[in-house]
Amino acid sequence: MSEREYCPICKKEHEVVYLTNVRGAIYKCSNGKHYGISETVLYADNDVEKERRLNVIYNFIERKPFCVKGAYNHYWVFYYDENVMSQVDEEYVNVFPLMQDYPKDVAVRMDRILLNLADDHPMLSETFTQPSYERNFRRLYCESKDIPAEIINIFTMLSDMGYIKAIVPVMSFDDEGAGYGITAKGWERIAQLRQTNEEVDQGFIAMSFAQETNNIKDCFMKAISDAGYKPMNINAKEHNNYIMPEIFYEIKRSKFVVADATFPNCGAYYEAGYALALGKEVIFCCEEKTFNDPDKKPHFDVVQKSMIIWKDEADLITRLKNRITATVNQ
Ligand SMILES: [Zn+2]
């Protein structure tokens, strides 16, 4: 069923298509992009939180416009659930884990905006005008009720920081006003930021760090090394906080995540969910004995992923190594 309705993403009225299996709709915005949004995303505690979730969705779609599955013409459907951390699959995206990486801090936000401007205008010959209420304001993570004022402040701040400057055109054929360009200092900052965000040849290990998991950890490390990657294993002692910036940083830098489901662990499921939301390959492994035990069988959402069910350590190492080689892009 298709109708015209107010769109939370672009804040205009246009065509929406209601979803059939969840409460929500696919919003077909005038920028040509489609946003599948469940009502759970819009039920935020306050307007700022809601706008932040929509910013996350908008920027996700800029990076990855389409999903693998074809149920809704390859449109992603976003939902929000704090209790189902690992449930991000080839078609549905839980916004909750993505929010952990939200640029709430102004300095971080300016960096993120600068990277977005560089991605959108990569050519040195390009100038750009300020986004507006009509266009692309979510690339600036606008979240207030007064978006035009927010945009002006952001551009002033980026200019003050020396990252962009207004370029007066010799001749202007449109009425959009003066263009901006990224400065030499801006490009230096971008290079620096891209380097820190760059993926390295690393596989992140997500698992419980209890004593009894040591053998499995060793197998994971061996399989990852044998496949030509560096295993990244963050020590249990650092797992003292629910949200750990270092863990997010390392997962973001990793090409893939190997997660253990033999010894159920919230942290590991959470890390796997975060990696999936970032579009990383996540490989779950579970010992056959545990997998077949109805009392210990891993969490339902996880079972659906194509899991490696292993018999013994040699079997785990070989199959994990083969899976990494087959599924992780070099
Ligand atoms: Zn729209």
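Provided above is the structure to which this section pertains.
Residue numbering note: each chain is counted from 1, following its sequence as written. Confidence filtering applies because this is a predicted model: local features only for residues at pLDDT of at least 70, side-chain atom pairs given and counted only at 80 or more, and all residues used for totals across whole chains, interfaces and linings. Heavy atoms from the whole structure form the basis of all side-chain values; hydrogens and water molecules are not counted.

Asks: Just checking my understanding: could you explain the coordination of the zinc ion for this structure?
Replies: Any two of four tetrahedral donors ideally make an angle of 109.5 degrees at the metal, while pairs among six octahedral donors ideally make 90 or 180 degrees. Protein coordination of the zinc ion is provided by Cys7 (SG), Cys10 (SG), His14 (NE2) and Cys29 (SG), with donor distances spanning 2.0 to 2.3 Å. A donor here means an N, O or S atom no more than 2.8 Å from the metal, or no more than 3.2 Å when the metal is Na, K or Ca. Since water is not included, a site may seem to lack partners. Each label reflects the angles at the metal, where four donors whose angles all fall between 85 and 135 degrees are tetrahedral, four or six donors whose opposite pairs open beyond 155 degrees and whose other angles stay between 65 and 115 are square planar or octahedral respectively, and the rest are irregular. Geometry at the zinc ion is tetrahedral, judged from the 4 donor atoms that bind it and their angles of 99 to 120° at the metal. In the primary sequence, the donor residues of the zinc ion line up as C-x2-C-x3-H-x14-C. A residue pair is termed long-range when its members are at least 10 positions apart, and cysteine 10 in the loop between β1 (2-6) and β2 (13-18) and cysteine 29 in the loop between β3 (24-28) and β4 (34-38) qualify at 19 residues. You can call cysteine 10 buried: its relative accessible area is 11%. The helix count covers DSSP runs of H or I at least four residues long, the strand count covers runs of E at least two residues long, and both are numbered beginning at the N terminus. Only protein chains enter the accessibility calculation, which uses a 1.4 Å probe. A residue is then buried if its area is under 20% of the maximum for its type, exposed if over 50%, and partly exposed in between.

Asks: Looking at this structure, I do not really get the packing of helix α4 (residues 106-120) against helix α5 (residues 147-160). What am I missing?
Replies: Between two packed helices, the angle of one axis relative to the other and the distance separating the axes together describe the packing. Axes, fitted as lines to C-alpha atoms, cover a helix only where it is in contact. Angles between the N-to-C directions of the axes lie from 0 to 180 degrees. Contact geometry of α4 with α5 gives a least axis separation of 11 Å together with a crossing angle of 90°. On the basis of their axis angle, the class for α4 and α5 is roughly perpendicular. Within the contact between the two elements, α4 uses Val106, Arg109, Met110, Ile113 and Leu117 and α5 uses Glu150, Ile154, Phe155, Met157 and Leu158. Angle categories are assigned with fixed cut-offs, so that under 35 degrees is roughly parallel, over 145 is roughly antiparallel, 65 to 115 is roughly perpendicular, and the rest are oblique. A contact between two residues is defined here by any heavy atoms of the two lying within 4.5 Å.

Asks: Help me understand the sheet that holds β3, please; the structure alone is not making it clear to me.
Replies: Whenever strands of a sheet pair, they do so through backbone hydrogen bonds, lying parallel or antiparallel. Overall, mixed pairing links the 6 strands, which are arranged β1-β2-β3-β4-β5-β6 in an open sheet. The outermost strands of the open sheet, each flanked by one partner alone, are β1 and β6 (92-94). Adjacent strand axes in the sheet meet at a mean angle of 35°, parallel and antiparallel pairs treated alike. Strands are treated as partners if at least two bridges between them are detected by DSSP. Here β3 runs beside β4; their pairing, made up of 5 bridges, is antiparallel. Within β4, the position partnered with lysine 28 by the bridge is histidine 34. Contacts from helix α2 (residues 47-63) reach β4, β5 (77-79) and β6 within the one sheet, and its direction differs from that of β4 by about 140°.

Asks: Would you take a moment to explain unusual backbone geometry for this structure?
Replies: Excluding glycine, a negative phi dihedral is what most residues carry, and trans is how most peptide bonds are arranged. Positive phi values are uncommon outside glycine, yet lysine 11 reaches one of about 60°. Within the secondary structure, lysine 11 sits in the loop between β1 and β2. Lysine 11 sits in the buried class, given a relative accessible area of 17%. With phi around 60°, asparagine 136 is a residue other than glycine that occupies positive phi space. As for its placement among the helices and strands, asparagine 136 is situated in the loop between α4 and α5. Using a relative accessible area of 28% as the deciding quantity, one classes asparagine 136 as partly exposed.

Asks: Which parts of the structure should I look at to understand the side chain of serine 38?
Replies: Tracing the sequence through the fold places serine 38 in strand β4. Judged by relative accessible area, serine 38 falls into the buried class, the value being 5%. Whenever two N or O atoms come within 3.5 Å, that pair is a polar contact, provided that in protein one can donate a hydrogen and the other can accept it, and provided that, for residues adjacent in sequence, both atoms are side-chain atoms. Reaching out from serine 38, the side chain makes a polar contact with the side chain of threonine 40 at a distance of 2.6 Å. Residues within four places of serine 38 in sequence aside, it is in contact with Arg23, Gly24, Phe78 and Tyr79.

Asks: Just to check I follow, could you spell out helix α7 (residues 214-226) for this structure?
Replies: Residues spaced three or four apart along an α-helix face the same direction, because each turn holds 3.6 residues. Under the 1.5 Å per step criterion, the end-to-end length of α7 is 18 Å for 13 residues, consistent within 8% with the ideal 18 Å. Among all positions of α7, only Ile216, Lys217, Cys219, Phe220, Ala223 and Ile224 are buried. Buried residues along α7 cover an arc of 160° about the axis, so they all sit on one side. Close packing links the buried residues of α7 with β9 (202-206), β10 (230-232), β11 (256-260), β12 (281-287), β13 (308-310) and α12 (313-327). Given the number of residues in a helix, its expected span is that number minus one, multiplied by 1.5 Å. It is the directions from the helix axis to the C-beta atoms that the arc portrays.

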